Amino acid sequence: MAKDPVRVLVTGAAGQIGYALVPMIARGVMLGADQPVILHMLDIPPAAEALNGVKMELVDAAFPLLKGVVATTDVVEACTGVNIAVMVGGFPRKEGMERKDVMSKNVSIYKSQASALEKHAAANCKVLVVANPANTNALILKEFAPSIPEKNISCLTRLDHNRALGQISERLNVQVSDVKNVIIWGNHSSTQYPDVNHASVNTPAGAKAVRELVSDDAWLNGEFITTVQQRGAAIIKARKLSSALSAASAACDHIRDWVLGTPEGTWVSMGVYSDGSYNVPAGLIYSFPVTCQNGEWKIVQGLPIDEFSRKKLDLTAEELSEEKALAYSCLS
Ligand code: NAD
Ligand code: LMR
């Protein structure tokens, strides 16, 4: 018997990531090749015409899994009945704007969209925040949607995770699908800590530690980390636009693994509400290694953290605490 359609909200759907993401969702990349979907696309009135153009293209693409499209500038209509919400919409930093100005705009967007989701989304709606500052936008959304369980609110660091897999695969000249269990700790920003201490590669002789295969510690502790931390900026420099296809693909990976589960023995990175694991202050949205089963994530426990890593985990937590304080100061 055919499955009932799942309603997926994409905010900022007329933007770059939206344009790459909605066809992936409609093709089954996010939820599976047997899962029909109804897309809800939200943008702001100046983008209404472009949003309608995206809707026209979705119709023209004749995706068999796509059972309906809602394209709207009305946040209530957009949020009504959605099972999954991918929050990509936001205010970009413009020339001459201070960090606080951008934070202030996005905090008020996420505050009002939190209320709309809380009131109108389906029960148990899963939320993924992509728009920057992703961790802090997710935290504000959580604070202003108190009836949405905190386990249902997350932010995207899977792009950073995938970037780390990509760098290791290039360095070792192995298939990216043979590399696993890297970790992104902390903020989706240049203070994030891409950690390979527990990562491994499938080889014909069995799984081997990345640290054993890449014997160059200076590269792993230096250039590898900075390359992943600064990859977003490098893409902007090259494309004059921020990453879009890789961000959309990572958003699909994030939701797919959350809903359908992570493979046995494999973890992924997700920005989730800290419960104090690994001595990360509780009450931040922080990226951890997680496994997913039956639609729920669980932080991987008990990984040894050496002194080098400890400092990096703390540094990115400090930045998130500062962002949290700044976000609250914008609300008062
Ligand atoms: P974009 O500017 O092309 O698109 C953003 C869209 O959001 C625009 O269409 C805009 O009209 C819309 N928008 C603005 N305010 C809105 C609101 N209140 N409600 C609904 N829509 C609204 O930007 P993009 O390249 O698609 O990037 C989107 C966001 O994702 C940015 O904040 C970017 O920094 C972030 N990003 C995050 C990651 C990540 O890994 N977490 C990666 C890449 C980009
Ligand atoms: C990315 O990681 O590609 C983006 O978050 C960069 C950005 O600043 O939009």
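Residues numbered from 1 in each chain as written. Chains lettered and ligands numbered in written order. Predicted model: local features only at pLDDT ≥ 70, side-chain atom pairs only at ≥ 80, totals over all residues. Heavy atoms only, no water.

Asks: What should I look at first to understand the overall build of the protein chain in this one?
Replies: Helix and strand content of the protein chain: 12 helices and 14 strands. Compactness check: the protein chain gives a C-alpha radius of gyration of 19 Å against a globular reference of 20 Å for 332 residues, within 12% of the reference. Based on the C-alpha atoms only, the size of the protein chain along its principal axes is roughly 55 × 50 × 40 Å. Taking all 332 residues of the protein chain together, 51% fall into the buried category. (Helix = DSSP H or I, 4+ residues; strand = E, 2+ residues; numbered from the N terminus. Rg over C-alpha atoms; globule rule 2.2 N^0.38 Å. Buried < 20%, exposed > 50% of the residue type's maximum accessible area, 1.4 Å probe, protein only.)

Asks: Would you mind going over the site of ligand 2 with me for this structure?
Replies: As a matter of local geometry, ligand 2 sits amid Asn132, Arg163, His188, Gly232, Ile236, Ser242 and Ser243. Contacts to ligand 2 include Asn132, whose side-chain N or O atom sits 2.9 Å from an oxygen atom. Note that an oxygen atom of ligand 2 is positioned 2.8 Å from one of the side-chain N or O atoms of Arg163. Of the residues belonging to the shell around ligand 2, the class tally is 1 nonpolar, 5 polar and 1 charged. (Near = heavy atom within 4 Å. Polar contact = N/O pair within 3.5 Å; in protein donor to acceptor, adjacent residues only side chain to side chain. Nonpolar A, V, L, I, M, F, W, Y, C, P; charged D, E, K, R; others polar.)

Asks: What am I meant to see in the pattern of salt bridges here?
Replies: By the definition in use, this model includes 11 salt bridges. The partner of Arg158 in a salt bridge is Asp257, and the shortest N-O contact between them spans 2.9 Å. Of this pair, Arg158 sits in helix H6 (residues 158-172) while Asp257 sits in helix H11 (residues 245-260), and the two are 99 residues apart along the sequence. For the pair shown, Arg158 and Asp257 are each scored as buried. When the shortest N-O distance is used, the salt bridge between Arg310 and Asp314 registers 2.9 Å. (Salt bridge = Lys/Arg side-chain N within 4 Å of Asp/Glu carboxyl O.)

Asks: Which parts of the structure should I look at to understand the nonpolar core?
Replies: One recurring pattern in soluble globular proteins is that nonpolar side chains are buried together. Ranked by internal contacts, the top residues of the largest apolar core, which has 74 residues, are Val8, Leu21, Met30, Leu39, Leu58, Val86 and Phe288. In contact with Leu21, other than residues within four places in its own chain, are Val10, Met30, Val86, Val88, Ala248, Ala251 and Cys252. Counting residues in hydrophobic clusters, the runner-up holds 31 residues, among them Ala85, Ala134, Leu141 and Ala327. (Core = buried A, V, L, I, M, F, W, Y, C linked by side-chain atoms within 4.5 Å. Contact = heavy atoms within 4.5 Å.)

Asks: What is the right way to read the state of the cysteines from this model?
Replies: What we call a disulfide is simply a covalent bond connecting the sulfur atoms of a pair of cysteines. Summed over the entire model, instances satisfying the criterion amount to 0 disulfides. In this structure Cys155 is a free cysteine whose sulfur lies 14 Å from that of Cys292, the closest cysteine sulfur available. With relative accessibility at 0%, the residue Cys155 sits in the buried group. In this structure Cys330 is a free cysteine whose sulfur lies 18 Å from that of Cys155, the closest cysteine sulfur available. (Disulfide = S-S within 2.5 Å.)

Asks: How should the pairing of strand E5 (residues 126-129) be read in this particular structure?
Replies: For a regular strand, the rule is simple: side chains alternate between the two faces of the sheet. Judged by which residues are buried, E5 turns out to be covered on both faces: Lys126 and Leu128 on one side and Val127 and Val129 on the other are all buried. Judged from the 4 bridges that link them, strand E4 (residues 84-87) and E5 form a sheet pairing that is parallel. For Met87, the partnering residue across the bridge sits in E5 and is Val129. With 3 bridges joining them, E5 and strand E6 (residues 153-155) adopt parallel strand pairing. Each bridged residue has a counterpart across the sheet, and for Leu128 the counterpart in E6 is Ser154. Handedness of the crossover joining E5 and E6 through helix H5 (residues 134-143): right-handed. (Pairing = 2+ DSSP bridges. Right-handed = clockwise from strand over helix to strand, strands pointing away.)

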